[in-house]
Amino acid sequence: MAIKEKAYHESQNIKNELHLRELMSHLPRFCKQFFIGMEHTTASRTRIAYAYDLGCFFDYLHKENPICSKMEIQDIPITILDQLKPMDIEEYLYHLKLYEKDGVAHANDERALKRKLSSLRTFYNYYFKNELINNNPAVKVDMPKIHDKAIVRLDTDEVAQLLDKVESGESLSNRQQMYHERTKTRDLALLTLLLGTGIRVSECVGLDIDDVDFKNCGIKVHRKGGAEVMVYFGDEVLEALLDYMEERKTTSAVEGHGNALFLSLQNRRITVRAVENLVKKYSKLVTSVKKITPHKLRSTYGTTLYQETGDIYLVADVLGHKDVNTTRKHYAALEEDRRRRAGRIVKLRDV
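Definitions and cut-offs
- Residues numbered from 1 in each chain as written.
- Predicted model: local features only at pLDDT ≥ 70, side-chain atom pairs only at ≥ 80, totals over all residues.
- Heavy atoms only, no water.
- Helix = DSSP H or I, 4+ residues; strand = E, 2+ residues; numbered from the N terminus.
- Buried < 20%, exposed > 50% of the residue type's maximum accessible area, 1.4 Å probe, protein only.
- Phe/Tyr/Trp six-rings, centres within 6.5 Å; stacked < 30°, edge-to-face > 60°.
- Salt bridge = Lys/Arg side-chain N within 4 Å of Asp/Glu carboxyl O.
- Axes fitted to C-alpha atoms, helices over the stretch in contact; angles between N-to-C directions.
- Parallel < 35°, antiparallel > 145°, perpendicular 65-115°, else oblique.
- Left-handed = near helix turned anticlockwise from the far one by under 90°.
- Contact = heavy atoms within 4.5 Å.
- Nonpolar A, V, L, I, M, F, W, Y, C, P; charged D, E, K, R; others polar.
- Pairing = 2+ DSSP bridges.
- Patch = residues over 30% accessible without salt bridge, like charges linked within 9 Å, V, L, I, M, F, W, Y side chains within 5 Å.
- Areas by Shrake-Rupley, 256 points an atom, 1.4 Å probe, with all protein chains shown as cover.
- Lys, Arg positive; Asp, Glu negative; His and termini not counted.
- Charge placed at Lys NZ, Arg CZ, Asp CG, Glu CD.

Student: What's the story with unusual backbone geometry in this structure? I'm lost.
Tutor: Note on backbone geometry: most residues besides glycine have negative phi, and most peptide bonds are trans. Even without glycine at this site, D102 takes up a positive phi of about 55°. Looking at where D102 falls in the secondary structure, it is placed in the loop between β1 (98–101) and β2 (104–107). Although it is not a glycine, C217 sits at a positive phi angle of roughly 55°. Turning to its location among the elements, C217 is positioned in the loop between β3 (212–213) and β4 (218–222). What makes C217 buried here is its relative accessible area of 16%.

Student: So what exactly am I meant to see when it comes to the packing of aromatic side chains here?
Tutor: Any two aromatic rings considered together are summarised by their centre-to-centre distance and by the angle between their planes. This model, assessed by the stated rule, comprises 14 aromatic pairs. With a centroid separation of 5.8 Å and an interplanar angle of 75°, the aromatic rings of F34 and Y126 are classed as edge-to-face. Within this pair, whereas F34 is found in helix α2 (residues 31–37), its partner Y126 is found in helix α6 (residues 110–129), the two being separated by 92 residues in sequence. Between Y126 and Y127, the aromatic rings sit 5.2 Å apart at their centres with planes inclined by 85°, giving edge-to-face as the arrangement. What makes Y126 buried here is its relative accessible area of 15%. Accessibility expressed as a relative area gives 1% for Y127, which makes it buried. Here the aromatic cluster, defined as three or more aromatic residues joined through ring pairs, consists of F30, F34, F35, Y50, F57, F58, Y60, Y92, F123, Y126 and Y127.

Student: Would you take a moment to explain the pattern of salt bridges for this structure?
Tutor: For side chains bearing opposite charge, pairing can occur when the charged atoms are close. The full count for this structure, using the stated rule, is 17 salt bridges. Between E110 and R111 there is a salt bridge, with its nearest N and O atoms 3.9 Å apart. The exposure class of E110 is partly exposed, given its relative accessible area of 23%. Notably, a salt bridge pairs R273 with E276, separated by 3.6 Å at the nearest N-O pair. One end of the pair is R273 and the other is E276, both in helix α11 (residues 272–283) and three residues apart, which spans about a single turn. The exposure class assigned to R273 is exposed, which follows from its relative accessible area of 58%. Accessibility expressed as a relative area gives 33% for E276, which makes it partly exposed. Members of the salt-bridge network, linked through shared partners, are E17, R21 and R47.

Student: It is not clear to me how the packing of helix α1 (residues 8–24) against helix α3 (residues 44–64) should be interpreted in this structure. Could you clarify?
Tutor: Geometry of a packed helix pair, given as the angle between the helix axes and the separation of the axes. Close contact between α1 and α3 brings their axes to 9 Å; oriented N to C, the two are set at 20°. As summarised for this structure, α1 and α3 are arranged roughly parallel, according to the angle between their axes. Where α1 crosses over α3, the two elements pack in a sense that is left-handed. Contact residues: N13, N16, E17, H19, L20 and L23 in α1; S44, R45, R47, I48, A51 and Y52 in α3. Here the residues of the contact of α1 with α3 sort into five nonpolar, four polar and three charged.

Student: Just to check I follow, could you spell out the sheet that holds β4 for this structure?
Tutor: The pairing of strands in a sheet comes from backbone hydrogen bonds and takes either a parallel or an antiparallel form. Ordered by their spatial adjacency, three strands build an open sheet running β3-β4-β5, and the pairing between neighbours is antiparallel. Two strands lie at the open edges of the sheet, namely β3 and β5 (228–232), each paired on one side alone. Bridging between β4 and β5 involves five bridges; their strand directions are antiparallel. The residue of β5 that forms the bridge with V221 is V229.

Student: Would you mind showing me how to read the side chain of D53 here?
Tutor: When you line up the elements, D53 lands in helix α3. Judged by its relative accessible area of 3%, D53 falls in the buried class.

Student: Which parts of the structure should I look at to understand a negative patch on the surface?
Tutor: The grouping of D164, E167, D235, E236, E239 and D243 at the surface amounts to a negative patch. For the negative patch, the elements supplying multiple residues, two or more each, are α7 (156–168) and α10 (235–248). Structurally, E236 can be placed in helix α10. For E236, a relative accessible area of 67% gives the class exposed.

Written out as structure tokens, the structure is:
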């Protein structure tokens, strides 16, 4: 009797849950309730991120706090949260800027510090809201100021060059050329899909064959948080996917990977790391200045869509941003450019 193949997102959730439990085993025992409390409102990957951040926090307390240093991390009591002051948390954030662990130097920029403080605030707020502690010093610590970064994306001519390089394999090393004939149809379909829909790389590798609706030119993707939506694509993506499907039909996948749309050379579902590597490989042939990642291809799509439509709500919806302000923040520079153009459009007198 054939065993039904688990959907990618289901198997990933199981894998993430096992990883989370392993991380939790190194935290104080009282932390377990925090993760139970947030289980139905967060994705498994989000909970893993919280576990990593809390791991940093309690590692620090175990080394620097005179009470915590006398016991194992797992034995640290919840009462320690009440004993900490805002300045203790500020010192923790200062420590995170640059520290050494197991002989390796670690650094955190302003965005990483903001995330770790945000995790700590959520952690404290849970126990404070449930009246398990009396104080919430984390909320009294100011968030680090974030300086906006320029959006890195491919220009229109760079997109065309990238896809041309994938098709031709020109400028690849001899070793890369050996595999190019076997992967170029897949690589072209995958990169065209990323550039033509703006989906996340995790959403791309999670696609199954039956998630593609060729009749209506759409793909069913599982968003962060578990939402399932249809994302639509144009003729160029359709053509690339159809070409790849002819090849995919003749490929026998490893058991357990039969439904996967994109396969590796080992005939297993392609991984996020493999997609990151192929994007890096081809983008180096186009630009040596810009560091292009799958997320930058997503930014390229979002930028193009916003330039063509001027509809920030449409961009937010297609990219799967829950808050339109997230989208607006990423494309603020484009809005500034549009406002400048508006100033040059209106003429008061004929010259």
